[in-house]
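Observations on the model geometry
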Amino acid sequence: MRAAVISFPGSNCDDDMLYALQDFDIDADIVDARQASLSGYNAILLPGGFSYGDYLRTGAIARFSPIMSAVAQAANEGKLIVGICNGFQILTEAGLLPGQLLMNERPGFICEEVAITVANHQTSFSSDYAQQETVILPIAHGEGNYYADPETLERLEQHGQVVFRYAQNVNGSLNNIAGIMNEKGNVFGMMPHPERAVDALTGNTDGRQFFKSIVNSILSTVAK
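Residues numbered from 1 in each chain as written. Predicted model: local features only at pLDDT ≥ 70, side-chain atom pairs only at ≥ 80, totals over all residues. Heavy atoms only, no water.

Re unusual backbone geometry
Let me state the cut-off plainly: Put simply, DSSP marks the helices as runs of H or I at least four residues long and the strands as runs of E at least two long, and each gets a number from the N terminus on. When accessible area is computed with a 1.4 Å probe and restricted to protein chains, residues below 20% of their type maximum are described as buried, those above 50% as exposed, and intermediate ones as partly exposed.
Its identity is not glycine, yet Tyr 52 carries a phi of approximately 55 degrees, on the positive side. Following the sequence through the fold, Tyr 52 ends up in the loop between strand E3 (43-46) and helix H2 (67-76). The class of Tyr 52 is partly exposed, set by a relative accessible area of 26%. In the Ramachandran plot, Cys 85 falls in the positive-phi region, its phi being about 55 degrees despite a non-glycine side chain.

Printed below as a string of structure tokens:
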């Protein structure tokens, strides 16, 4: 089982993600965004940070990195693609997930732990949680306000693509959306940081089930 953590210029959560994956015995590598191949990996993760300094819009430049063609190819092949925070923003900019992450409703950078509700536990990213379970996860963003047009929002809700919601809306996201997946169910993005909640030393391990869900999904796929 192998996972690639994509490191863009300005990424600052790549090591956090790498260590979290390794804690679950996943063979993980940090892969430079200038590379053009992701062959041999079962899962691709785009970490948080400030790719290319967040110039223009968050993720707007990163979407043109050479690695993104390989990410899109991996997504088309059905491999698991995960974007956390800035990674989520990049996936929306690249068109791999619908919608857009806008400036927080109340402008400013939010850095705190917040309550997150599991809206759909029957996914590759949430199966180790219970339906409607509430967990605490860190957030750290200035542009985490999820927006989509009414038709897209309706499709997300109807098809069970909303995976996590904020228990209390901290940034103005429509329908309290904190994390979504594509219709196929293999591309996922969320603003909260589960990789920062896997070690008891931090006082929070609510992110462990997120990684357990991914591991179980990959193992079941490999077994087939």
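Topic: the environment of Ala 75
In plain terms, the rule: Throughout, a contact is declared for two residues whenever any of their heavy atoms are within 4.5 Å.
Position of Ala 75 relative to the elements: it lies in helix H2. For the pair Ala 75 and Phe 50, spaced 25 residues apart in the sequence, the C-alpha separation amounts to 23 Å. The contacts of Ala 75, once residues within four sequence positions are left out, are Ile 81, Leu 96, Lys 184, Asn 186 and Val 187.

What to know about the pattern of salt bridges
What counts, and what does not: We define a salt bridge as a contact between a side-chain nitrogen of Lys or Arg and a carboxyl oxygen of Asp or Glu at a distance within 4 Å.
The full count for this structure, using the stated rule, is 7 salt bridges. Via salt bridges that share partners, Arg 2, Asp 27 and Asp 29 belong to a single interconnected network.

Section: the sheet that holds strand E2 (residues 27-32)
Counted only if it meets this: Pairing between strands is defined by DSSP: at least two bridges between them are needed. Axes, fitted as lines to C-alpha atoms, cover a helix only where it is in contact. Angles between the N-to-C directions of the axes lie from 0 to 180 degrees.
Strand order in the open sheet formed by 9 strands is E2-E1-E3-E4-E11-E10-E9-E6-E7, and the pairing between neighbours is mixed. The sheet terminates laterally at E2 and strand E7 (134-141), the two strands that pair on one side only. The mean angle between the axes of side-by-side strands here comes to 25 degrees, regardless of whether they run parallel or antiparallel. Both strand E9 (residues 162-166) and strand E10 (residues 177-181) contribute to a ladder of 3 bridges, which runs antiparallel. Within the sheet, the bridge partner assigned to Phe 164 lies in E10 and is Gly 179. Packing of helix H1 (residues 14-23) onto the sheet brings it into contact with strand E1 (2-7), E2, E3 and strand E4 (80-84), and relative to E2 it is tilted by some 160 degrees.

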